[in-house]
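# Summary of the model geometry
Listed below are the residues making up each chain.
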Amino acid sequence: MTDSSPLALEVSHAVKIYGALPNAVKALNDVSIDVANNEFFTLLGPSGCGKTTLLRMIAGFETITEGSIRLFGENIENLPANKRPVNTVFQQYALFPHMTVLQNVAFGLTMLGKSDREANGIATRMLDMVQLGEFSNRKPTQLSGGQQQRVALARALAPSPKLLLLDEPLSALDLKLRHAMRVELKQIQEELGITFIFVTHDQEEALTMSDRIAVMSNGELQQIGTGREIYEEPKNKFVADFIGETNLLTTQVESIQGANAVCVVGNHTPLECASAGGISIGDTGIISIRPERITLTKPGSDATGSNLTGTVKRFIYLGTDTQCMVELDDGTEIHVRVQNAHDSATDFDVGERASIKIDQGAARLLVN
Amino acid sequence: MSAPIAPLNAKKNPNAGVFDGIGLWLLSPSWIVIGVFLLLPVFMMLIFSFLTKEFRGGVIWEPTLAAYDQFLFDRGLFGDEPPTIEWTYITIFARSIWQAALATLFCLIIGFPTAYYIATRSARSRSVWLFLITIPYWVNLLIRTVSMKFLIRDTGPLNQFLMSTGVIDSPIHIVNTNFAVQLGLFYSYLPFMVLPIYAAVERYNFALSEAAWDLYADRWTTLRKILIPVVKPGIIAGCILVFVPSLGAFLAPDLLGGAKTFMIGSLIEEQFKGNAGNWPFGAAASMILLSMVLIVLMFYARQQTRAQAGAR
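Residues numbered from 1 in each chain as written. Chains lettered and ligands numbered in written order. Predicted model: local features only at pLDDT ≥ 70, side-chain atom pairs only at ≥ 80, totals over all residues. Heavy atoms only, no water.

## Structural notes on the environment of Thr 305 of chain B
Residues and elements named next belong to chain B. Positionally, Thr 305 belongs in helix H13 (residues 279-311). Owing to a relative accessible area of 48%, Thr 305 belongs among the partly exposed residues under this scheme. Distance from Thr 305 to Leu 24, taken between C-alpha atoms, is 27 Å for residues 281 residues apart in sequence. (Helix = DSSP H or I, 4+ residues; strand = E, 2+ residues; numbered from the N terminus. Buried < 20%, exposed > 50% of the residue type's maximum accessible area, 1.4 Å probe, protein only.)

The following block contains the structure:
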């Protein structure tokens, strides 16, 4: 983000309330996001978290109850959707069934007052870009889901919007196609240099494509950051739990060493945890440990001498990994993920005792 | 069907089995219904139209083209003059088409927004609205048409209201005018316009409107270029359902209209009612009406196939 160029999108203190007072529902509560030019920005959260409401508000389909939306420095919150230089790729594509693929893609250009020739020229180029040039005279219903998805993308990109909004566009595709489209979407975004705002509930999708991710829950923003930041330094329990898999252990702060806190887990085993600060001795908190940052060793064989021990309860074979469920001595169950490349996990039998080693810096203390 | 399975199960048409063996027998109720209630009566009318009339109603089994001749040509009082074109019945037909087309247009103008309004309500109020639309249909059409006459006659509540509020000084004569017939047709067939359009709009994906709006179309353009083309099959179905019965209607023109508003339906009705009628002539008029309706339906069917061919 450079200060010289204005931000592509600034949503400040956005509030959305549906309905009148006694039954009013707050769908968005004081959400602010800044999106830089050319950024691939993702709104991530479970259904009902307000991510789609926010997207529809940026598109102009929903009015904003409080707050402002600025596009490249200009306030757009009072403009109707057809006056905003913003286009949307809809979840179910919403292609016009009575028009050909070409007419669909040319529609926005025609509405902007372009001549038919010019509109068709640009639309043809857009269809070539998404590799559908030969399908231009077909009707949308004659295309497969993946092809319809590309038409929707071409249609939304054809008028060269300043901002492209994508509302879970990959959710209707099958797994293989979805993975291929992720890469393609990211490539198109980089090629065209258009800012993308992408809505999804799929954290893997968010991690693969996004420059930055905003995690939302209950109409509130939980954390904004790069994929690495929200995965490795989650700010709260919700983010830690929602992004990837994690072990959450309730604990108490024993002592503080710089930015780190020493907490007790298991049967009074001290564990050094990274924290965001703002904690004092005696606080209760939750420790998040990613299952792939834990290793199991035979008791006594570990040179570092971890005192944390438990009993192996179950193995779940997941292809690339094996997930082990281990019961700590105080009864808490934790998950450990071991890559099947090195076969340490399979050294254990169910019911066997194991020494548990947690990677340096892998434990994170979360307040609330 | 994919090629590898074909040798084992070499049926080209998956429905082919329905039309042979036991399938044919299972279909017999449909064939009987279609035969007895549809083909047979029409066929009888076709035969009747080519027979000689019996003066007290009924037919004499002597083939003749007299009925069609009477419809098209005037041969003077005793039938011995050189034939000239008979305009009476052609005029009645033209008027009927005009009235039916007009009724269809009015039903569309009022019916489309009504259907749109209902289809965009919540599921619960939708069923209430649909119930209200169909309520009048629990009452016989004759009764409804008569009550319409009472409403609009010179001493009826409409005129009384307008006079009491001082809008008019003397009653407006509505009964026995084309307007009254129009009103009757409109009132009788409006739901036939509303219901198919409602069904189409209810199925309409409003994300399409949002997409058009997002792509810089204003509301009017969205209506014209997206909503109306997408729900067009419903609109056409509604138009046919209003136009066809309006064309053959006789209650509204009989009760609300006068001699100057005579329509095909009444003409045919008169030929069969009582002893004074002319069955072959009524049958011939019915056949001509049926042909016209079929032409309209064929036009529609051709459009549909063309639209489907476009989608293939």
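## Quick word on the interface of chain B and chain A
On the chain A side, the residues contacting the 19 residues of chain B number 28 residues. Looking at the side of chain B facing chain A, the largest losses of area belong to Asp 214, Leu 215 and Tyr 216 of chain B, adding up to 38% of the total buried there. Run the count over chain B and chain A and you get one salt bridge. The closest approach of N and O atoms between Glu 210 of chain B and Arg 56 of chain A, which form a salt bridge, is 2.5 Å. For the pair chain B and chain A, the number of links is seven residue pairs in polar contact (both at pLDDT 80 or more). (Contact = heavy atoms within 4.5 Å. Buried area = accessible area lost by both parts, 1.4 Å probe. Salt bridge = Lys/Arg side-chain N within 4 Å of Asp/Glu carboxyl O. Polar contact = N/O pair within 3.5 Å; in protein donor to acceptor, adjacent residues only side chain to side chain.)

## Here we look at the sheet that holds strand S3 (residues 40-44) of chain A
Residue and element names in this part refer to chain A. With mixed pairing, the six strands of this open sheet are ordered in space as S6-S7-S8-S3-S9-S10. For this open sheet the edge positions go to strand S6 (86-89) and strand S10 (220-225), each flanked by a neighbour on one side alone. Mean inter-strand twist for the sheet, computed between neighbouring axes without regard to direction, equals 20°. Sheet analysis places strand S9 (residues 212-217) next to S10, joined by five bridges and oriented antiparallel. By the bridge assignment for S10, Met 216 is matched with Leu 221. Packing against the sheet, helix H1 (residues 51-59) makes contact with S3, S6, strand S7 (163-167), strand S8 (195-200) and S9, and its axis sits at approximately 145° to S7. The sheet strands contacting helix H5 (residues 175-192) are S3, S7 and S8, and the helix crosses S8 at an angle near 155°. (Pairing = 2+ DSSP bridges. Axes fitted to C-alpha atoms, helices over the stretch in contact; angles between N-to-C directions.)

## Some remarks on H5 of chain A
Residues and elements named next belong to chain A. The terminal C-alpha atoms of H5, which comprises 18 residues, lie 26 Å apart, in line with the 26 Å expected from a rise of 1.5 Å per residue. Against S3, helix H3 (116-129), helix H4 (145-157), S7, S8 and helix H6 (203-209) lie the buried residues of H5. After H5 finishes, the residue Gly 193 shows a positive phi value of roughly 65°. (Expected span 1.5 Å × (residues − 1).)

## Here we look at the domain arrangement of chain A
All names here are of chain A. As assigned here, chain A comprises domain 1 (9-237) and domain 2 (245-366). Inter-centroid distance (C-alpha atoms) of domain 1 to domain 2 is 39 Å. Taken together, the eight residues of domain 1 in the interface contact six residues of domain 2. Here domain 1 and domain 2 share an interface that buries about 670 Å² over both sides, 57% of which is from carbon and sulfur atoms. Of all residues in domain 1, Tyr 231, Pro 234 and Lys 237 bury the most surface against domain 2, accounting for 72% of the area lost on that side. If you look at where domain 1 meets domain 2, you find zero salt bridges. The interface formed by domain 1 and domain 2 includes three residue pairs in polar contact (both at pLDDT 80 or more). (Domains from an automatic or database assignment.)

## A closer look at the sheet that holds strand S11 (residues 247-257) of chain A
Residue and element names in this part refer to chain A. The sheet built from five strands closes into a barrel, its strands ordered S11-S12-S13-S20-S14 with mixed pairing. Pairwise comparison of adjacent strand axes, ignoring direction, gives a mean angle of 50° for this sheet. In terms of strand pairing, strand S14 (residues 284-289) meets strand S20 (residues 363-366) through four bridges, oriented antiparallel. Paired with Ile 289 across the two strands is Ala 363, which belongs to S20.

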